[in-house]
Every structure is written in C-alpha cells, then in structure tokens.
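Spelled out, the chains give:
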Amino acid sequence: MPPPSASRKFMYPEQSVPYTVYAKREHPDDIFAKLDKPNELKLEERPTFLKVGALETVKGSAYMEYGKTKVMASIEPPRELGKQTKKIGTLGIVTCTLKYAPFAVKDPACIPRKETSMALALKKALEPVICRHEFPYFQLEIKVIILDDDGCALSTAINCCGAALVDAGIATYDLITASTVCKYKNVEFINPSAVIEQLVSTISESGDDDEEHGIVVTASLAAVDQITECFQKGYLKPETLKELTEHTLAINERILDTVRFVLYNKVKQQLRKDKDGAEMSDTINAVTDLGIEE
Amino acid sequence: MANISLSEAEKTFILHGVEEDFRCDGRSRRDYRPMELETDLVSNASGSARLRLANTDVLVGIKTEIDKPNYLTPDQGKIEFFVDCSANAAPEFEGRGGEELALELADTLTNAYESPKAFDLKLLCILPGQQCWKLFVDILILECGGNLFDAVSLAAKAALFNTKIPRVTAALMDAGEAELLISDDPYDCTRIPIGNLPILVTVCKIGDSCVVDPSAEEEECSIASVVVGVSKRKGKSYTSNVHTIGEGSLHKDTMHNCVLLGLSAAESLNNELVKALKLEEERIGSKRRNIVGFLK
C-alpha cells in the first residue's frame, strides 16, 4: 500500500500490497531464535556517525547515522509570530515536524501514525532543553527526516536535533541525548534493530502469562540529572521499567561523549578557519594597502 | 490545558496546600474528585458512556463496523481512537485549536491499548484474513476541568464494557468471498471482556510533591506530569504506556515515584470502576431507559 503522504508525489497503484505478503512468513519464535542475543549486557551505543552543519541553506543542521538508522535534522531561524495568533505567552513556541522517507521502512502503511506520534514525542523531549524565554513571540521550527529506520528512530532523532540546536546557535540548558532499550521474552536488547522492534509490537497473546515485553525511550540531560522525556510502550512491571530506564540513562552518557567530541571538533575547526580567514584578510588588506601606496 | 489565568499569589496558595497534603478542595494528594458515570445513552452507537469528573465532561460512543484485516495481522481486528475537543469545552479549541491535544489523547490511548496483553485484538476477528470487526472509539470532550487523560480512559473503558457486538450466525463462502449473516435478535450479542483494559492516571508534579487527579488550576501550577497507563492481569499491575507531558523535566527518582503512585491509584480506581459498572448493569439490566439528554 502506498504511504498516504507520498501518494501525490509517487504514482503508486491504488490498491497494491507488498509482495512479501505472499512469501512464507516466519513464526515470531523462529525469528527470535535466529536473532543473536547479547550474552552479557553491554551498555554501549551503536557505531555512530554525526556531522554537524550538514546543510548549507538552513541555520543549523545535523546528520546522524546510528548503526543503519539515518536521520537528518534541520532548524530554521526563529520567526516572529503574527499578531492574530492566540497562543501568546512569554515563552517562544517550538514546532516539530517529522517525516519518514517512503523507503525508510519495510511497511509504509505505518508511516502516518509513526510520524504524528514521533513528532509529538520529539517536541516534548526538546521543549524543556531550549531556553524558550530568549525568543518570546517567536516560533522555532525543527524539521526532521528519517532516511532509514533500523530501530531507535526516535532516540536518534532526538540526538540529532540536540546537535542541530547547538549548530543553529539556539541557547539550550544542556546537551540532550536519548536512547532506546527493549525487552522481549526476558531478554533485554540495547539499541534494538527494526526486526526486534517489530517483534515487540507484534507479540502473540499465547505466551507465558508472566512474560513482559516493551520498549523504553528516554531522553535526558546529564549535567542537571533530569529526564525530559520518558516513553514506554508494551507490558512491563514497574521494577523492570525502572531498570530499563537506568540502562537508557547509562547509554545516554556514552552518546553524550560522542556528541560532545564532534561538537568540540567542529568548534576547533571553525576557530582554525576563522584564524586562517583573518590572516588571509590581513594579507589581502596589506596587499591592497601596498597597491594604493604604489 | 484550558486557559486559566492565575496570579502568582494564587499559585503559591495552591503550591503550599499541596505541600501540606491539603488541597484547595479539601482532598489529600492521593484523592480523586467525585465522578458520575452513565452508560448506554447514545441510541445510535453500539456502546456509549458519559463520565463527569468534577468539571470535566467526556462522552464516548463506540461504533462497530466490519472491515478487512490488515495483511500483516490477518487474525486481528482493529480499534481506532478519535478524540474531538469541542469548542464548547474551551474557546481556544475553536477551529483547529484543539487538534494537538486531541491527537495526543488519541495517541496515548492507542499506545496503551497496543499490547495484546492489555487488549486482545484477536477477539474482534470474524474470519482470519477476510473479515474482522473494527471498533471506532469516538471521544467527545464537552467540558474541560483538568485531568483529561484519566477521564477519557475511564469513559472509554466503560463504553467498551457497554459495547454489544452482534453475533455472526453464519458465514457463507461464495466464490472465495465470505458472506456474513448477522443475527436478527438485537439482544443476541457478544461483549468485550474488560478485565485487562488499561486505564490512564496522570500524576502531576507540583512543587516537590506529586498529586493525582489535578484540577485545571493545579495543572496550571505544574510544569511536568507523568501519564501512566496501567493494566491489571492476574492481580498484578503492569504499565502498558508511560510518557511525560508538560514543558518541564523530571529527576529519575521523581519519575519512578510518580509511576508507583500512578500504579497504586490506578488499582483502586480500576476496582471502583468495575464495581460501579457491574452495579449499574444489575440495577438497570437490559431495560431501555428513557434517555433525556446529556447536559444537566
């Protein structure tokens, strides 16, 4: 089925289904048996690539690859709100739009629901971190596009937006980082892949009754020790929820190191460029001065 | 949510009250406001409920329709939540003003009902791969007096309890297509078991303490709340959905305390709800009452 948002852009046939429907489907238990389960719990992030300032045309942007998940975030400069807007307050307004590329997931039918719920979650995660009192009567627009989703899309989007906010020069209270952990059949998966996320959401009822399953996404600020957003879905006992949240917080700190390192390098690079630029302009000035004297 | 302006002094008054465990309306931090619940009052819906929690008024109607199951889950039915924030509830809901809140409410309910252990969609399947029931849960917010999440989830659960799905008596196979025969008797129907259905509890952080069932004024004083979806199974409480709302952030210990408070509140709330629903049904039975109107 074509993703509704894309039906205008792409000429899909109206009533089509992916051919995989007719392929022999594996039982969830078989898929689970094939997965490589972690022997010991390692609270580590996935191999990460982060580029700050990936786009030239916007105020701030970042591109992040978290394993195979690829996300691009861009931030428009704050815009003044029209006078007729009713939402008047002394705090700036943050709006988030999140789009999935039509080819980002295997089953495009779930895209519209994911887009709206993730945009909401992203907004709630980012609102507390932005110093909104610095731009009253202004609106800050954050746009995210998910190019490839191999699990952890929401947490990667939050990480990417955190870096993009710094690149845009928007004042924030702290660097925000987020991570995902999920639990399925008593095995805990750190940074679950799309296959595991799919398994968790299509769990069958006929199982051990005491079995838990669920996914937890936590966004936190390490310096002030605060959780800006905690999102859980599934069926978990409160103790498990607490344990999983602790684990996400530990991974968040690891990711924070990576993000900090990238930003630090970016600043160093910028300073070097500025210095070179200053020297260059000095020599140009000197040359032109000479030229005038001649 | 509703636009209430409070002065600093009023906010301080509420904050001090919460700290002393004696809120403006005389409740303690763990008390709910009185509720009024009524079921089966919309004649065109398969199930309906109206809940009034102090000043919050919610009306839920459930429609059952036949649909084709999703090709990924051929043996499951469907459920869809739709929330409409009426402009009667608050002037700022006019036009598209209530859309964001409505989306958030519907999304939270969808997430809470997603786990098959909370709500088993297989019950709604008629013929695997061909026909299934689709439940449309339409929620209308008539008045906004704080604590919408709890009110909406309670009303939705009550309406699902009240829902009557007609019994399918025969399915004829005609050239590979199924043809269904629905029973003629309007009282011949199946019910939805509500034992595991989740309810939502909002725990609101005001000052350094957490309260349940915040009024609209108290919501104004809080910058962060946690919504906990609680489902009961075999006497144990599980969280089916947790998420934070509001523009602030929380410490992880506060967060955990909020979840625990939400769980314990949900447990007693759930018991009371089931008790009230059974009592109402016993008293009225299948007799049709003379329905006068919603607004009192």
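Residues numbered from 1 in each chain as written. Chains lettered and ligands numbered in written order. Predicted model: local features only at pLDDT ≥ 70, side-chain atom pairs only at ≥ 80, totals over all residues. Heavy atoms only, no water.

Explain the overall build of chain A to me, please; I cannot follow it from the model alone.
When its secondary structure is counted, chain A shows five helices and 10 strands. Looking at the 294 residues of chain A, the share that counts as buried comes to 47%. A fraction of 69% describes how many contacts in chain A between residues 6 or more apart in sequence connect residues 24 or more apart. When the accessible surface of chain A is totalled, it reaches about 15500 Å², and 55% of it is carbon and sulfur. (Helix = DSSP H or I, 4+ residues; strand = E, 2+ residues; numbered from the N terminus. Buried < 20%, exposed > 50% of the residue type's maximum accessible area, 1.4 Å probe, protein only. Contact = heavy atoms within 4.5 Å. Areas by Shrake-Rupley, 256 points an atom, 1.4 Å probe, with all protein chains shown as cover.)

Any chance you could explain the nonpolar core here in plain terms?
What tends to happen in soluble globular proteins is that the nonpolar side chains get buried as a cluster. Leu126, Ile130 and Ile142 of chain A are the most contacted members of the largest nonpolar core, which has 132 residues in total. In terms of residue count, the dominant contributor to this core is helix 3 (residues 148–162) of chain B (11 residues). Setting aside chain neighbours within four positions, we find Ile142 of chain A in contact with Ser74, Ile75, Val94, Thr95, Cys96, Thr97, Leu126, Ile130, Cys161 and Leu165 of chain A. The next biggest cluster of nonpolar side chains, apart from the first, holds 10 residues, and it includes Leu35, Tyr184, Leu199 and Ile215 of chain A. (Core = buried A, V, L, I, M, F, W, Y, C linked by side-chain atoms within 4.5 Å.)

How do you make sense of the pattern of salt bridges when you look at a structure like this?
Residue and element names in this part refer to chain A. For the coordinates displayed, the defined rule picks out 28 salt bridges over all chains. Across the pair Lys143 and Glu76 runs a salt bridge, and its minimum N-O distance is 3.4 Å. Here Glu76 lies in the loop between strand 3 (69–75) and strand 4 (79–80) and Lys143 lies in strand 6 (residues 138–148), a separation of 67 residues in the sequence. Taking the relative accessible area as the measure of exposure, Glu76 reaches 26% and is therefore partly exposed. (Salt bridge = Lys/Arg side-chain N within 4 Å of Asp/Glu carboxyl O.)

So what exactly am I meant to see when it comes to the pairing of strand 14 (residues 236–245) of chain B here?
One face of the sheet, then the other: side chains in a regular strand alternate in exactly this way. Buried residues dominate strand 14 of chain B, accounting for nine of its 10 residues. Looking at chain direction, strand 10 (residues 226–236) of chain A and strand 14 of chain B are connected through four bridges and run antiparallel. Bridge pairing in strand 14 of chain B links Phe231 of chain A to His243 of chain B. Adjacent in sequence and paired antiparallel, strand 13 (residues 224–233) of chain B and strand 14 of chain B are bridged by two residues, among which Lys234 of chain B carries a positive phi angle near 50°. (Pairing = 2+ DSSP bridges.)

Just checking my understanding: could you explain the pairing of strand 8 (residues 168–174) of chain B for this structure?
All names here are of chain B. Pairing of strand 8 with strand 9 (residues 177–182), which is carried by six bridges, proceeds in the antiparallel orientation. Within strand 9, the residue paired with Ala171 across the bridge is Leu180. Linkage of strand 8 to strand 9, two consecutive antiparallel strands, is achieved through a turn of two residues, within which Ala175 is found at a positive phi near 50°.

What should I look at first to understand the interface of chain B and chain A in this one?
Frequently, the measure chosen for interface size is the accessible area removed from exposure when the parts meet. Taken residue by residue, the interface counts 41 residues in chain B and 44 residues in chain A. Approximately 4100 Å² of surface area, both sides summed, lies buried where chain B meets chain A, with 50% of it carried by carbon and sulfur atoms. Looking at the side of chain B facing chain A, the largest losses of area belong to Tyr71, Lys117 and Tyr238 of chain B, adding up to 19% of the total buried there. Run the count over chain B and chain A and you get seven salt bridges. On the surface where chain B and chain A come into contact, there are 22 residue pairs in polar contact (both at pLDDT 80 or more). Among the secondary structure elements, those contributing two or more residues to the side of chain B that touches chain A are helix 2 (99–112), strand 13, strand 14 and helix 5 (252–284) of chain B. The element best represented in the side of chain B that touches chain A is strand 14 of chain B, accounting for 10 residues. Its residues assigned to classes, the side of chain B that touches chain A shows 14 nonpolar, 14 polar and 13 charged. (Buried area = accessible area lost by both parts, 1.4 Å probe. Polar contact = N/O pair within 3.5 Å; in protein donor to acceptor, adjacent residues only side chain to side chain. Nonpolar A, V, L, I, M, F, W, Y, C, P; charged D, E, K, R; others polar.)

Explain the packing of helix 3 of chain B against helix 5 of chain B here, please?
Helix-helix packing is described using two parameters, namely the angle between the two axes and the distance between the axes. All names here are of chain B. Relative to each other, helix 3 and helix 5 sit at 40°, their axes nearing to 11 Å. Considering only the axes of helix 3 and helix 5, their crossing is right-handed. For the pair formed by helix 3 and helix 5, the contact residues are Leu154, Lys157, Ala158 and Phe161 on the first element and Leu269, Asn270, Leu273, Leu277 and Glu281 on the second. By residue class, the composition of the contact of helix 3 with helix 5 is six nonpolar, one polar and two charged. (Axes fitted to C-alpha atoms, helices over the stretch in contact; angles between N-to-C directions. Left-handed = near helix turned anticlockwise from the far one by under 90°.)

Looking at this model, I keep getting lost on the UniProt feature "domain: Exoribonuclease phosphorolytic" (unreviewed entry) in chain B. Mind explaining?
All names here are of chain B. Under the UniProt annotation, "domain: Exoribonuclease phosphorolytic" (unreviewed entry) lies at residues 32–166 and 197–264. For residues 32–166, the helix share is 21%, the strand share is 38%, and the end-to-end C-alpha distance is 36 Å. For residues 197–264, the end-to-end C-alpha separation is 16 Å, with 28% helix and 47% strand making up the annotated structure. (UniProt positions renumbered as here; feature names shortened; annotations may be inferred.)

Quick question: what am I supposed to make of the sheet that holds strand 14 of chain B here?
Through backbone hydrogen bonds, the strands of a sheet pair up, either in parallel or in antiparallel fashion. Read across the open sheet, the eight strands follow the order 8(A)-7(A)-9(A)-10(A)-14(B)-13(B)-11(B)-12(B); overall the sheet is antiparallel. Two strands close off the open sheet at either side, each with one partner strand: strand 8 (187–190) of chain A together with strand 12 (209–212) of chain B. Within the sheet, the average angular offset between the axes of one strand and its neighbour, ignoring direction, is 25°. Sheet topology places strand 7 (residues 176–184) of chain A next to strand 8 of chain A; four bridges connect them, and they run antiparallel.

Help me understand empty space enclosed by the protein, please; the structure alone is not making it clear to me.
Sizing a probe to match a water molecule and rolling it over the atoms shows the empty space that remains. Considering all chains together, one arrives at one cavity of 30 Å³ or more under this definition. As a volume, the largest cavity reaches approximately 100 Å³. If you list the elements that add at least two residues to the lining of the largest cavity, you get helix 5 (238–293) of chain A together with helix 5 of chain B. Residue classes in the lining of the largest cavity are distributed as five nonpolar, two polar and four charged. (1 Å grid on protein atoms, 1.4 Å probe; cavity = no way out; pocket = protein on both sides within 12 Å on 5 of 7 lines; lining within 4 Å. Points joined across faces, edges and corners; volume = space filled by probe spheres on them.)

Explain the environment of Asn241 of chain B to me, please; I cannot follow it from the model alone.
Mapped onto the elements, Asn241 of chain B comes out in strand 14. Given a relative accessible area of 0%, Asn241 of chain B falls into the buried group. For the pair Asn241 of chain B and Ser231 of chain B, spaced 10 residues apart in sequence, the C-alpha separation works out to 9.2 Å. Filtering out sequence-adjacent residues up to four positions away, Asn241 of chain B remains in contact with Phe231, Gln232 and Lys233 of chain A together with Thr108, Asn111, Ala112, Val227, Val228 and Gly229 of chain B. For Asn241 of chain B, the side chain forms a polar contact with the main-chain oxygen of Gln232 of chain A, separated by 3.0 Å.

What is the right way to look at helix 1 (residues 8–19) of chain B in this model?
One turn of the α-helix equals 3.6 residues, which is why residues spaced by three or four share an orientation. Residues and elements named next belong to chain B. Taking 1.5 Å per residue as the helical rise, helix 1 with its 12 residues ought to reach 16 Å, and the 16 Å between its terminal C-alpha atoms agrees with that figure. The secondary structure elements touched by the buried residues of helix 1 are strand 11 (199–206), strand 12 and helix 4 (216–221). Just downstream of helix 1, Asp21 is the residue with a positive phi angle, here 65°. (Expected span 1.5 Å × (residues − 1).)

In this structure, what is going on with the environment of Asp25 of chain B? I would like to understand it.
Mapped onto the fold, Asp25 of chain B is located in the loop between helix 1 and strand 1 (35–39). For Asp25 of chain B, a relative accessible area of 44% gives the class partly exposed.

Which parts of the structure should I look at to understand the packing of aromatic side chains?
Each aromatic ring pair is described using two quantities: the centre-to-centre distance and the angle formed by the ring planes. All chains considered together, the criterion is met by four aromatic pairs over all chains. Ring centres 6.2 Å apart and planes at 65° place the aromatic pair Phe49 of chain A and Tyr63 of chain A in the edge-to-face group. Of this pair, Phe49 of chain A sits in strand 1 (residues 48–52) while Tyr63 of chain A sits in strand 2 (residues 60–66); the two residues are 14 residues apart in sequence, bridging distant segments of the chain. Classification of Tyr63 of chain A as buried rests on a relative accessible area of 15%. Note on Tyr113 of chain B and Phe119 of chain B: the rings are 5.8 Å apart at their centroids and 70° apart in plane angle, and the pair reads as edge-to-face. (Phe/Tyr/Trp six-rings, centres within 6.5 Å; stacked < 30°, edge-to-face > 60°.)

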